[in-house]
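Coordinate inspection notes
Spelled out from the first residue to the last, the chains are:
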Amino acid sequence: METKLMTGRFANIIVDISHEKVDRTFQYKIPDALQGKIEVGMAVTIPFGMGNKRIRGYVMELTDKAEYEIEKLKNIEAVIEGAVTAKSDAVRLAWWMKNNYGATMISALKTVLPVKQKMKQVVKRTLRCLVDADTAVMHAREFEAKHQTAKARLMRELGIQPVLPYTLVTGKLNIAPQTIQSLVKAGLVKVEAFDTYRNPMPAAVLQGWQNQGKKELSPNQRAIVEAVTGEYENGIRGTYLIHGVTGSGKTEVYMALIEHVIRMGKQAVMLIPEIALTYQTLLRFYQRFGERVSVMNSRLSAGERSDQCERARRGEIDIIIGPRSALFTPFERLGLVIIDEEHESSYKSETMPKYHAREVAGELCRMKGASLVLGSATPSVETYDKAKRGEITLFTLKERLAGGALPHVYVEDLRVELKEGNRSIFSRRLSALIADRLKKGEQTMLFLNRRGYAGFVSCRACGHVMKCPHCDVSLSEHTDQYRKTSRLVCHYCGYETPNVTLCPKCGSKYILGFRAGTQQIEELLHKEFPSARVLRMDADTTRTKDSYEKLLSAFANEEADILVGTQMIVKGHDFAKVTLVGILAADMSLHANDFRAGERTFQLLTQAAGRAGRGVLAGEVVIQTYQPEHYTIVHAAAQDYEGFFDEEISYRELMSYPPAAHMMAVLVTAADELTGAEHVRELADCARGRFAQEKPAVIGPSSASVGKINDVYRFVFYVKHRDYAVLVAVKDVLEQLVNGKQWNSDSVQFDFNPMRSY
Ligand code: ADP
Ligand code: ZN
Ligand code: ZN
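Residues numbered from 1 in each chain as written. Chains lettered and ligands numbered in written order. Predicted model: local features only at pLDDT ≥ 70, side-chain atom pairs only at ≥ 80, totals over all residues. Heavy atoms only, no water.

Structural notes on the environment of Asp64
For Asp64, the location among the structural elements is in the loop between β4 (53-63) and β5 (74-75). A distance of 3.0 Å separates the side chain of Asp64 from the backbone nitrogen of Arg9, its partner in a polar contact. (Helix = DSSP H or I, 4+ residues; strand = E, 2+ residues; numbered from the N terminus. Polar contact = N/O pair within 3.5 Å; in protein donor to acceptor, adjacent residues only side chain to side chain.)

Thoughts on helix α15 (residues 428-440)
In this model α15 runs 19 Å from its N-terminal to its C-terminal C-alpha over 13 residues, within 8% of the 18 Å that 1.5 Å per residue would give. Listed in full, the buried residues belonging to α15 are Leu430, Ser431, Leu433, Ile434 and Arg437. On its buried face, α15 is in contact with β17 (408-413), β18 (443-448), α16 (518-528), β25 (562-565), β26 (578-584) and β27 (620-625). Phi turns positive one or two residues past the end of α15, at Gly441, with a value near 75°. (Expected span 1.5 Å × (residues − 1). Buried < 20%, exposed > 50% of the residue type's maximum accessible area, 1.4 Å probe, protein only. Contact = heavy atoms within 4.5 Å.)

Looking at the sheet that holds strand β1 (residues 10-15)
Read from one edge of the open sheet, six strands run β5-β2-β1-β4-β3-β6, paired in mixed fashion. Of all the strands in the sheet, the pair left with one neighbour each is β5 and β6 (78-79). Pairing between strand β3 (residues 43-48) and β6: two bridges, direction antiparallel. Bridge pairing in β6 places Val44 opposite Val79. With respect to the sheet, helix α2 (residues 105-112) is in contact with β1 and β4, its orientation differing from that of β4 by roughly 85°. (Pairing = 2+ DSSP bridges. Axes fitted to C-alpha atoms, helices over the stretch in contact; angles between N-to-C directions.)

Here we look at the side chain of Lys731
Take Lys731: it is sitting in helix α22 (residues 724-741). For Lys731, a relative accessible area of 1% corresponds to the buried category. Among all residues touching Lys731, those that are not within four sequence positions of it are Lys98, Asn99, Tyr101, Gly102, Met664, Phe750 and Phe752.

Remarks on the packing of helix α3 (residues 133-145) against helix α4 (residues 149-160)
It is at 8 Å that the axes of α3 and α4 come closest, and there the two elements cross at 165°. If you check the angle between α3 and α4, you find them roughly antiparallel. Crossing hand, α3 versus α4: left-handed. Judged by residue contacts, Ala133, Ala136, Val137, His139, Ala140, Arg141, Phe143 and Glu144 of α3 engage Lys151, Ala152, Met155, Arg156 and Gly159 from α4. For the contact of α3 with α4, a count of residues per class yields seven nonpolar, two polar and four charged. (Parallel < 35°, antiparallel > 145°, perpendicular 65-115°, else oblique. Left-handed = near helix turned anticlockwise from the far one by under 90°. Nonpolar A, V, L, I, M, F, W, Y, C, P; charged D, E, K, R; others polar.)

A word on the site of ligand 1
As a structural note, the neighbourhood of ligand 1 is formed by 16 residues, with Glu216, Gln221, Gly247, Thr251 and Arg284 the closest of them. Gly247 places a main-chain nitrogen or oxygen 2.7 Å from an oxygen atom of ligand 1. Burial of ligand 1 by the surrounding chains reaches 75%, relative to a free accessible area of 560 Å². Counting residues per element, the shell around ligand 1 draws most heavily on helix α9 (residues 250-263), which supplies three residues. When its residues are assigned to classes, the shell around ligand 1 shows four nonpolar, seven polar and five charged. (Near = heavy atom within 4 Å. Areas by Shrake-Rupley, 256 points an atom, 1.4 Å probe, with all protein chains shown as cover.)

With respect to the coordination of the zinc ion (ligand 2)
Protein coordination of the zinc ion (ligand 2) is provided by Cys459 (SG), Cys462 (SG), Cys503 (SG) and Cys506 (SG), with donor distances spanning 2.3 Å. Coordination at the zinc ion (ligand 2) comes from four donor atoms whose angles at the metal span 108 to 112°, giving a geometry best classed as tetrahedral. (Donors = N, O, S within 2.8 Å, 3.2 Å for Na, K, Ca; no water. Tetrahedral: all angles 85-135°; square planar, octahedral: opposite > 155°, others 65-115°.)

Quick word on the domain arrangement of the chain
Looking at the assigned domains, one finds that the chain contains domain 1 (10-112), domain 2 (122-196), domain 3 (203-397), domain 4 (408-453 + 515-654), domain 5 (456-513) and domain 6 (662-752). Listed by partner, the interface residues are 18 residues for domain 3 and 21 residues for domain 4. When the two sides are added together, the surface that domain 3 and domain 4 hide from each other amounts to roughly 1,700 Å², 54% of it contributed by carbon and sulfur. The three residues of domain 3 that bury the most area against domain 4 are Ile275, Thr378 and Val381, which together make up 34% of that side's buried surface. With a closest N to O distance of 3.1 Å, Arg596 and Glu382 form a salt bridge. Summed over the shared surface of domain 3 and domain 4, the number is six residue pairs in polar contact (both at pLDDT 80 or more). (Domains from an automatic or database assignment. Buried area = accessible area lost by both parts, 1.4 Å probe. Salt bridge = Lys/Arg side-chain N within 4 Å of Asp/Glu carboxyl O.)

Details of the sheet that holds β27
The strand order across the open sheet formed by six strands is β17-β27-β26-β18-β25-β24, and the pairing between neighbours is parallel. Every interior strand has two partners, whereas the edge strands, β17 and β24 (534-537), have only one. Along the sheet, successive strands turn relative to each other by an average axial angle of 15°, direction set aside. Where β18 and β25 come together, four bridges link them in parallel fashion. Each residue of the ladder has a partner; that of Met445, found in β25, is Leu563.

Structure representation (structure tokens):
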């Protein structure tokens, strides 16, 4: 279906009900009263169904061609006042998302409309003095003489500052509205009211603004800016990757690029993962661009969000900063999209449509004629592969501009520690270095890598991990609570084998699931280093609002010697006094039952290591592992991205994992276990049977790694093919099957090139 912007007597409308059965347009008549007032993208009220219930719908198309007998068509009832209209661009993007990710049109449409309803603007009032300063002071003296102290106080203040915010007068100056009224009557002051936007930035930041913070670019930075803007001016819209370690000056380059496109009358979207969207980052952009930049994030109120969209729509801002959804800011003149830390998994939506912001940004840029700039210290394998193939222009920034040299890295083999009698969580080198930092009054960060923990089984003596013979991912331990047996299961293909009691490689009986938490580490630190002040940061200690920021600032203020945490601590703030980073169980994330495990481990280790030595003091990093020879550990320790990429891509080629092939996960949920198992088998059979020529590889089905959530059973299978279009075709056929069988459409979800395993 295509969207057309034209007038007509009929409107094709998508109803605001997310269900496969109504995932098509319905035709309505435009009554005379609404002729000329209906546009594509508008929200309207329509009578729907047998009972003519009043529901909301979105106009997708205007036409003069009736699809049914005209007498049978119902009338549009009204245009919804204050509803946000989806521009035809947004509607087109929604269609693209629906087709490429599998979702109902209404859920795609709602995704591209970050705000559905305009909120009333805030009215701001000020008090203006109608006489000059000297006269104001004269009046103040007269009031004082008459002991009218409130009036006197206000006139004195207005003598200094002729315009005052109304709230300041009634608040801080403590002056009653009646007093103000009597001054208004006397013709001394005037109350002025105007609409204002809720600005999410603290006032102090906005007041202090004066295009500060612009740096003279280094030759490397300048080369990037000149290459991109040179192409831009010649009408070339490209995709670019800036590969540079944290602190190499990427953000400075982004700002120079933004400045350039703004000067050409365009607008820019700057995506930053929510967790990295700190006050400091925002401040930097505000200092450079002032009121022309705004922010969008989950902490904004509905009113604030609505106002930012409205400002964007009216062209009153040129830059929006925010996480994934900021992509849908309604900019008319979009010229540039930047995605910082493009490898972050938070750019992938976890709800339908399960889109990736990088891909949607690519499509949006194509539609709008904008350029796309990606940046990362550890680019995703997908992006770097494209750069190597020449589909993306690659730039590299090698040195840190501030914060000193890269740290020295030690790799400690935990198998050797055990053999030589050390059963502690800390290797001997890490213990010694912690003691050294405590003595010197420098800080330590200990990072417990728990990412991807999924019940894998490994040998403490030799490091051997139980893996699936067919998929090369780790097997997960499943314990049956009734029969008290334990099995090992692959969640890609369903392979099963009884659990082992002896290591098949070395015969040791120390083979078991890994269990250690941040709390245990904290206790151990108290035991080994009684004088150390320890802060712990994990899901438990950051449950309340602001606790994350509070913990980090306490550590920044040197209120503790050691910060222990999960992956949360590897991002954000720079701590000048941190000269030691310990990575406990570095290989833990390698055993997630997920083909991206190696990539994620490399990213985590690189980020964690990057925390050391950000000030003037040099840093050291200790990586503790059972697999010092594993390529991700070796290359992370050497800080060698290229080396890592070469090995990772050949593994992906060998196993036909993305980006070597595309992969679609099909997740089936059901309240009844047998029904779910039956449905998933039928769908997988359909995917296998229908495409004899293209031959997509179908893996599974099996029960998902979390087989049941809230009493809902979960099943999954995967489809792989080199051609994305084949997967889309498979998806379409599966959707038809679900529709035809009248299964609950919510019970089947698609995830293209998933960021996680199911
Ligand atoms: P990244 O985004 O790659 O982490 P930043 O742009 O934040 O890097 O730069 C790291 C630090 O170096 C910041 O403090 C920044 O102000 C400073 N910086 C960046 N570019 C320059 C430059 N050309 N001259 C001086 N300092 C710079
Ligand atoms: Zn072993
Ligand atoms: Zn398998």
